[in-house]
Structures are given as C-alpha cells and as structure tokens.
Amino acid sequence: MEPIEYMQEALSLARLALGYTSPNPAVGCVIVKDGKIVGRGYHHKAGTPHAEVWALREAGDQAEGATVYVTLEPCAHYGRTPPCARTLVERKVGKVVMAMLDPNPLVAGKGAAILRQAGIPVEVGLLSREAAQLNEVFIKNMMVEKPFIASKLAQSLDGRIASRTGKSQWITNEEARREGHYLRSIYDGILVGINTILADNPLLTCRIQRKEQEAPHQPVRIVLDTHGRIPETALVITDKTTDTIVVTTTLCHTDKMRRLKELGVRVILAPLTGEGHIDLVQAVNLLWKEGIRSILVEGGSTVQGSFFDYKLVDKIYAFVGNKVIGGSQSLPSVGGKGVDDLAECMPLSYDSVKMLDTNILITAYNTEREGAYVHWHH
C-alpha cells in the first residue's frame with residue numbers, strides 16, 4: 001500500500017466518530033511496520049483516549065521504528081491525558097506523517113516540534129485538504145471561536161419547500177431523508193424557527209443508527225421563538241431524548257419563560273434588532289457560550305432567509321427533489337430579504353453533487369466564510 005492509502009484509512013477511522021467527539025476533533029491513526037498495518041485507532045469521544053493511544057495499544061512492541069499516519073498533529077499539551085507527541089517519542093516510533101497541523105494558532109507546530117527535537121522525522125500535508133474538511137467545524141471553532149453553521153435545504157428543483165396551499169410532504173425521497181438524519185448525527189445543534197414547530201410539530205431527533213455506534217448522537221434542538229409562542233405540548237418539549245434550547249427575547253412573557261424552564265427547556269434571552277426580530281449574530285454567540293460548536297439550520301423559509309441575510313452560513317446541503325412546484329405564491333426555501341443586487345450574493349463554491357436515487361444532494365461552501373483552513377507554511 002502507498003502512504004496515501006494509509007492516510008485514507010486513518011481518515012476513514014476518524015470519520016466513524018464524527019459528531020461524537022465534539023468539542024474535540026475527529027482523529028484517526030494508523031501504524032505501519034514493514035508494509036503492514038499493525039495498529040489502528042480513532043478518538044471515540046471527548047474525555048476518552050486519543051487516536052494515537054488506541055493505535056499504539058494495538059501495535060504493542062511493533063510501534064518501535066514504525067511509521068505513524070495521523071490525520072491531525074499529535075497534541076503537545078497535558079489535558080486529561082499526557083501529550084500524544086511525547087508518548088510517540090517514548091515508544092520510539094520511526095516516523096510520523098500528519099495530514100495537517102493543529103488549527104489552534106497557539107498550538108500549531110508544537111507537537112511536530114517535540115517529535116523533531118527527539119530526532120523523529122515528521123512530514124506534514126498528506127491529504128491535508130481531506131483532513132481539513134473532516135474537521136472543518138473544529139478548525140473554525142479554534143480560529144474564530146464561533147460555531148460552524150450549515151444550512152440544510154430540502155426543496156423542489158425550482159427551490160420551493162411548499163405549494164401555495166402549504167403542502168410540503170414529500171418533496172424529497174426516503175434516501176434523501178436518511179442522509180438528512182446522518183447530518184443530524186454529526187452536528188451539535190439542529191435549529192428551526194417557531195413556524196416549523198407550529199406547522200409540523202417535529203421531533204427533531206436523529207433516527208438512524210450508524211453502524212459503529214451504540215446509539216445515535218442526538219443534536220440539541222434549538223428553536224428561534226421571538227414572542228415565546230411555542231406550545232408547552234410541543235414534541236421538542238415533551239420528548240426527552242435530547243435537550244431543547246428556546247432562543248427568545250423580551251417580547252416573550254416572563255411567565256412563559258419560567259414555565260419553559262420548569263419543563264426542562266434551556267431558555268436563552270437574545271437581544272432584539274430594531275425591526276423586532278432576534279439579533280441572530282448575538283444569538284449565535286450565546287449558543288457558542290452554551291457549548292454549541294456546530295449548527296445545522298433545518299428549518300423554515302424565514303429562518304433560512306435570516307441566516308443568509310446575515311451571511312452566517314458556512315456550508316449548504318441542498319437536497320433537491322424530482323418535482324417542480326411552481327407558482328409565484330409557493331414558498332421559497334430561502335426567504336428573508338434576499339439581495340438587491342447579484343453582486344451581494346454569498347459567493348459559493350460547489351463541493352460535490354451526489355445522486356440519491358431520484359433526488360440530488362448538492363454540497364457547497366461560502367467561499368468568504370470565516371475560519372477556513374489555509375495551508376500554513378511550515
């Protein structure tokens with residue numbers, strides 16, 4: 001096998017834990033001796049051993065003189081565990097190949113330096129683009145201390161999410177919905193507006209089992225509700241599978257806030273804009289303080305519109321059904337104000353197009369997003 005294949009294997013291992021490791025990165029490690037893989041490991045969840053530790057355990061004595069492929073620079077600081085860079089030195093590995101340096105500017109290069117000082121050759125940059133995409137959430141978190149925000153659109157070919165009479169089931173197929181559940185399993189929070197709750201009373205839980213995990217990772221449910229209109233009987237309140245955060249404002253009655261808290265809801269009070277809406281930039285900062293590191297914005301034309309109007313979207317997952325709804329009165333997937341001039345549009349770069357039976361998933365990035373990984377010069 002070639003070095004690139006070993007790193008691909010390490011990336012596949014890391015991908016197994018996506019969503020479970022937050023706020024830590026997802027990391028995979030493969031140890032190779034005499035052309036054979038002798039150790040594999042990945043970081044399962046925050047507070048448990050790092051990828052390198054698992055791989056070294058499996059490799060045992062064969063770690064000495066071996067080549068270690070790891071998707072992220074081994075840590076150099078004492079956290080709940082001793083630094084992996086020092087452990088690799090102690091185990092006398094022969095060489096370390098890392099896909100990328102630690103994105104935390106205060107840490108970047110320190111793990112590599114420990115290894116080099118001990119005389120262990122280090123290579124950086126093999127499949128760095130793939131590694132950075134795998135940890136795009138962690139990278140943004142580290143670089144700008146803000147949550148990574150992805151918008152999930154499920155729309156007709158002409159960009160509609162409901163007919164003029166409000167009918168929306170089903171625009172996308174079973175396979176697209178399954179993929180949507182996979183996305184729920186990798187994000188910290190899933191966000192909708194109050195209109196979605198009032199119209200659909202959704203459960204907003206992840207209902208797929210990923211093969212390597214005992215239970216689905218459940219994102220925190222986040223509801224934007226300026227006036228506090230959420231019914232106390234809403235499923236996101238009565239169902240206790242996962243937490244619910246209601247983001248509201250001073251326009252919500254204090255009695256309602258108290259009752260929501262008594263029902264176990266986390267209530268966040270966000271400031272209002274001059275137009276009487278939730279100040280989304282501040283709301284996102286408050287969610288960061290609540291420990292939310294990534295948000296999947298699922299719902300409602302109005303809510304999507306706000307996130308795009310504020311240019312808060314880092315990534316887009318557009319599920320396109322095989323239907324044309326038409327009608328000037330039908331509901332667009334992205335409402336809000338929109339742009340006046342096309343020069344104001346968020347610049348997009350398409351990442352991939354995937355066929356989901358009769359539907360399509362288009363993945364794109366905001367090319368002006370904050371906290372994107374740039375290749376550092378070492």
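The rules behind each value
- Residues numbered from 1 in each chain as written.
- Predicted model: local features only at pLDDT ≥ 70, side-chain atom pairs only at ≥ 80, totals over all residues.
- Heavy atoms only, no water.
- Helix = DSSP H or I, 4+ residues; strand = E, 2+ residues; numbered from the N terminus.
- Rg over C-alpha atoms; globule rule 2.2 N^0.38 Å.
- Buried < 20%, exposed > 50% of the residue type's maximum accessible area, 1.4 Å probe, protein only.
- Arc of directions from axis to C-beta.
- Polar contact = N/O pair within 3.5 Å; in protein donor to acceptor, adjacent residues only side chain to side chain.
- UniProt positions renumbered as here; feature names shortened; annotations may be inferred.
- Phe/Tyr/Trp six-rings, centres within 6.5 Å; stacked < 30°, edge-to-face > 60°.

Engineer: Break down the overall build of the protein chain for me, with residues and values.
Structural biologist: Helix and strand content of the protein chain: twelve helices and 16 strands. Over its C-alpha trace the protein chain gives a radius of gyration of 23 Å, about what one expects of a compact globule, namely 21 Å for 378 residues. Overall size of the protein chain, expressed as C-alpha extent along the three principal axes, is 65 × 45 × 40 Å. Within the protein chain, the fraction of its 378 residues that count as buried is 50%.

Engineer: Account for the environment of G60, with residues named and values stated.
Structural biologist: Looking at where G60 falls in the secondary structure, it is placed in the loop between α2 (51-59) and β3 (67-70). With a relative accessible area of 24%, G60 lands in the partly exposed category. Note: C-alpha distance between G60 and D188 (128 residues apart in sequence) is 35 Å.

Engineer: I'd like a description of helix α11 (residues 280-289), backed by residues and values.
Structural biologist: Every buried residue of α11 is accounted for by L280, A283, V284, L287 and W288. Taken down its axis, α11 places every buried residue within 145 degrees of arc, on the same side. Between the side-chain oxygen of the N-cap and the backbone nitrogen of V281 there are 3.2 Å, and the N-cap of α11 in question is D279. Looking one or two residues beyond α11, the residue adopting positive phi is G291, at roughly 90 degrees.

Engineer: Tell me about the UniProt feature "binding site: Zn(2+)" (unreviewed entry) in the protein chain, and name the residues and values.
Structural biologist: Under the feature "binding site: Zn(2+)" (unreviewed entry), the UniProt entry names H50, C75 and C84. A compact arrangement is adopted by the annotated residues: their sequence extent is 35 residues, whereas the largest C-alpha distance between any two is 9.1 Å. Examined against the element boundaries, C75 turns out to sit in the loop between β3 and α3 (84-90). C75 gets classed as buried once you look at its relative accessible area, which sits at 9%. Mapping C84 onto the fold places it in helix α3.

Engineer: Explain the packing of aromatic side chains residue by residue, including any values.
Structural biologist: For any pair of aromatic rings, geometry is given as the distance between the ring centres together with the angle between the planes. Scanning all chains against the criterion turns up two aromatic pairs. An angle of 35 degrees between the planes, with centres 5.3 Å apart, marks the rings of Y6 and Y69 as tilted. Residue Y6 is located in helix α1 (residues 3-16), and its partner Y69 is located in strand β3; the two are separated by 63 residues in the primary sequence. We classify Y69 as buried; its relative accessible area is 7%. Judged by centre distance (6.3 Å) and plane angle (85 degrees), the ring pair of Y187 and Y317 falls under edge-to-face. Of the two residues, Y187 sits in the loop between α7 (174-184) and β8 (189-193) while Y317 sits in strand β13 (residues 315-320), which places them 130 residues apart along the sequence.

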